[in-house]
Amino acid sequence: MPATSLLELDGLRHEYSDTGGPGDGRAPLLFLHEGLGSVGLWRGFPERVAAASERRAVAYSRLGHGRSDRPRDPRTTAFMATEATTTVPALCAALGLDRPVLVGHSDGGTIALLAAAAMPVSGVVVLAPHVLTEPFALTAIRAARTAFDDGDLRTRMARHHDDPDAAFRGWNDMWLAEEFTSWDVRDALAGITAPVLGLQGDDDPYGTVVHVRAVAERASGPVTVTELPCGHAPHLELPDETAEAITAFLRTLP
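In this report, the structure presented in the accompanying data block is examined.

1. Points about the nonpolar core
Moving on, step 1. Judged by nonpolar contacts, the single largest core of 50 residues is most densely connected at Leu30, Val88, Leu91 and Trp175.
Moving on, step 2. Looking at this core, the element that brings in the most residues is helix α2 (residues 79-95), giving seven residues.
Moving on, step 3. Beyond its immediate chain neighbours, meaning those up to four positions away, tryptophan 175 contacts Phe79, Met80, Asp107, His130, Thr133, Leu138, Ile141, Phe180 and Trp183.
Moving on, step 4. Listed in part, the 24 residues of the second largest apolar core include Leu29, Ala50, Val101 and Leu228.

Okay, here's the thing in structure tokens:
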């Protein structure tokens with residue numbers, strides 16, 4: 001696991017890792033984790049991509065995740081848009097990440113897309129992002145609630161999060177909220193002008209290729225869509241193929 005530090009933003013500490021050098025002028029990478037993730041739960045993937053691409057790579061844990069502080073206020077169903085327009089630019093400014101390449105998985109992919117529509121970036125890589133609510137995906141999210149309340153998911157999460165309840169409820173409660181059934185951010189995608197790589201597994205219980213195809217249809221910049229024979233976590237299930245796809249994409253950036 002990478003060594004991590006704590007960065008204070010607006011009085012709250014965010015856990016982050018920082019790997020690699022300045023990259024000889026190449027844009028740094030900022031990794032945004034999935035709904036139950038953290039810096040450590042990337043399992044070393046940012047460091048792998050940093051080494052392969054010779055770029056600086058930063059990963060951080062959102063509030064309530066990993067070793068970051070618990071958020072002051074309860075989340076709302078707009079939590080991904082709020083993260084994209086407040087924390088991401090503040091963190092980039094604090095760490096000197098100028099026009100980064102955003103690399104996001106699942107909810108982190110959504111945050112990456114929304115941030116790219118609102119701030120200058122050099123590129124975007126999204127792994128199994130979400131841009132609307134697919135009803136079938138809620139089945140897997142309900143199953144996660146049962147595993148947390150009645151199974152061993154809370155115990156397993158406690159190994160990686162200082163506050164597993166905050167991490168889990170901040171994700172699960174939002175996705176299962178009544179108002180989230182109509183959640184849809186496709187109209188925001190037109191603001192993305194940077195190149196995008198969208199990776200989607202063909203056996204993902206949380207979403208189909210409709211999400212990355214929507215990015216290709218709506219974004220204003222070039223979008224490459226790649227389907228992979230895996231589930232929801234391409235970087236963990238097919239790490240070689242996923243790292244190769246990302247580094248090949250990074251080589252195309254100016």
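2. With respect to the packing of aromatic side chains
Moving on, step 1. Counting across every chain of the model gives seven aromatic pairs.
Moving on, step 2. Taking the centre distance of 5.2 Å and the plane angle of 80 degrees together, the rings of phenylalanine 31 and tryptophan 42 count as edge-to-face. Of this pair, phenylalanine 31 sits in strand β3 (residues 29-32) while tryptophan 42 is found in the loop between β3 and α1 (45-53), placing the two residues eleven residues apart along the sequence.
Moving on, step 3. Here phenylalanine 31 falls in the buried class, since its relative accessible area comes to 1%.
Moving on, step 4. Ring geometry for tryptophan 171 versus tyrosine 206: centroids 6.5 Å apart, planes at 65 degrees, classification edge-to-face. Here the residue tryptophan 171 occupies a position in helix α6 (residues 164-175), and tyrosine 206 occupies one in the loop between β7 (196-201) and α7 (210-218), the gap between them amounting to 35 residues.
Moving on, step 5. A residue is classified by how much of its surface remains accessible, and tryptophan 171, at 7% relative accessible area, is buried.
Moving on, step 6. Overall, tyrosine 206 belongs to the partly exposed group, its relative accessible area being 22%.
Moving on, step 7. What links up through ring pairs into an aromatic cluster is the set Phe148, Phe168, Trp171 and Tyr206.

The rules behind each value
- Residues numbered from 1 in each chain as written.
- Predicted model: local features only at pLDDT ≥ 70, side-chain atom pairs only at ≥ 80, totals over all residues.
- Heavy atoms only, no water.
- Core = buried A, V, L, I, M, F, W, Y, C linked by side-chain atoms within 4.5 Å.
- Buried < 20%, exposed > 50% of the residue type's maximum accessible area, 1.4 Å probe, protein only.
- Helix = DSSP H or I, 4+ residues; strand = E, 2+ residues; numbered from the N terminus.
- Contact = heavy atoms within 4.5 Å.
- Phe/Tyr/Trp six-rings, centres within 6.5 Å; stacked < 30°, edge-to-face > 60°.

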